[in-house]
Amino acid sequence: MTIFKEIVDEEFLTVSETKELLADIEAERALEEDRELRYELARAIEHVNRFTVLEPEEAQQLVDDLQEVEKVDEPTAYKIANLLPRDRDELRSVYAQQRYSLSGDELDEILNVVAQYA
C-alpha cells in the first residue's frame, strides 16, 4: 500500500543540508508542549548527526565540482558527496546500477575531487 500517488517535486540534498533542515524542525518541536518526536524523525536526526562530515557550503561546492566531471550527473554527484568514497571500490558501488562503467582514470579523477574536501 502506498500513501503517495505522484511525485510533485524532487530536490536533491546533501546530508549536511538535511542536518540543517532537521535541526530547524527539531527546534520548532522543542517549543511545543508535546515534545515527543516521531520515531522516523528521531532516527533521521540521529543519522544526519552521525554521518555529516562537511559543512553545507562545502558539500554544495563539492557537488558543483563533481558535476564538472564528465560522467557525473546531478543525482550521482549528491550520492558521492553524501558517501565521500575513499577508494575505487567504494566509488564503483555508486556506479553499480549505471549502464556504463568508469575507467581507472575516470575513477581517480572523481576521487581526487572528493579528496580535496574529505
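This text goes with the structure placed above it.
Numbers given for residues are sequential positions, taken from 1 along each chain in its written order. Side-chain atom pairs in this predicted model are given and counted only at pLDDT of 80 or more, local residue features only at pLDDT of at least 70, and totals for whole chains, interfaces and linings cover all residues. To get the side-chain values, all heavy atoms of the structure are used, and hydrogens and water are removed first.

What about the side chain of T14?
Thought 1: Summarising the element assignment, T14 is placed in the segment before α1 (15-31).
Thought 2: Assessed through its relative accessible area of 1%, T14 is described here as buried.
Thought 3: If near-sequence neighbours (up to four positions away) are discounted, T14 is found in contact with A59, V63, Y78, A81 and N82. Numbering of helices and strands runs from the N terminus, with a helix taken as a DSSP run of H or I at least four residues long and a strand as a DSSP run of E at least two residues long. Here's how the labels work: a residue is buried when its accessible area is under 20% of the maximum for its type, exposed when over 50%, partly exposed in between, all with a 1.4 Å probe on protein chains only. Whether two residues are in contact is decided by their heavy atoms, any of which lying within 4.5 Å being enough.

Observations concerning the packing of aromatic side chains
Thought 1: Pairing of aromatic side chains here covers Phe, Tyr and the six-membered ring of Trp, requires ring centres within 6.5 Å, and sorts the geometry by plane angle: under 30 degrees stacked, over 60 edge-to-face, intermediate tilted. Scanning the entire structure with this criterion turns up 2 aromatic pairs.
Thought 2: With centroids separated by 5.7 Å and ring planes inclined at 25 degrees, the aromatic side chains of F12 and Y78 adopt a geometry described as stacked. You can see F12 sitting in the segment before α1 and its partner Y78 sitting in helix α4 (residues 74-83), a full 66 residues away along the chain.
Thought 3: Overall, the relative accessible area of 27% leaves F12 in the partly exposed class.
Thought 4: On the basis of relative accessible area, Y78 is assigned to the buried category, the value being 8%.
Thought 5: Each ring, one from Y95 and one from Y100, has its centre 6.2 Å from the other, and the planes form 55 degrees; the classification is tilted.
Thought 6: By relative accessible area, which is 6% here, Y95 ends up buried.
Thought 7: Taking the relative accessible area as the measure of exposure, Y100 reaches 33% and is therefore partly exposed.

A look at the pattern of salt bridges
Thought 1: Salt bridges are defined as contacts in which a side-chain nitrogen from Lys or Arg sits within 4 Å of a carboxyl oxygen from Asp or Glu. Scanning all chains against the criterion turns up 6 salt bridges.
Thought 2: In this structure, R88 engages D108 in a salt bridge whose closest nitrogen and oxygen atoms are separated by 2.6 Å. Residue R88 is found in helix α5 (residues 88-94), and its partner D108 is found in helix α6 (residues 104-115); the two are separated by 20 residues along the sequence.
Thought 3: A relative accessible area of 29% places D108 in the partly exposed class.
Thought 4: The partner of R92 in a salt bridge is D89, with the nearest N and O atoms 3.2 Å apart. Here R92 pairs with D89, and both are found in helix α5, just 3 residues apart, close to one helical turn.

Digging into α6
Thought 1: Here α6 is 12 residues long and its end C-alpha atoms lie 16 Å apart, about the 16 Å a rise of 1.5 Å per residue gives.
Thought 2: Taken together, the buried positions of α6 are occupied by L107, I110, L111, V113 and V114. Down the axis of α6, the smallest arc covering the buried residues is 155 degrees, so these residues share one side. Within α6, the exposed residues directed more than 90 degrees away from the buried face are D105, N112 and A115.
Thought 3: Buried residues belonging to α6 abut α3 (56-67), α4 and α5. The span you would expect from a helix comes to 1.5 Å times its residue count less one. The directions considered for the arc run from the helix axis to the C-beta atoms.

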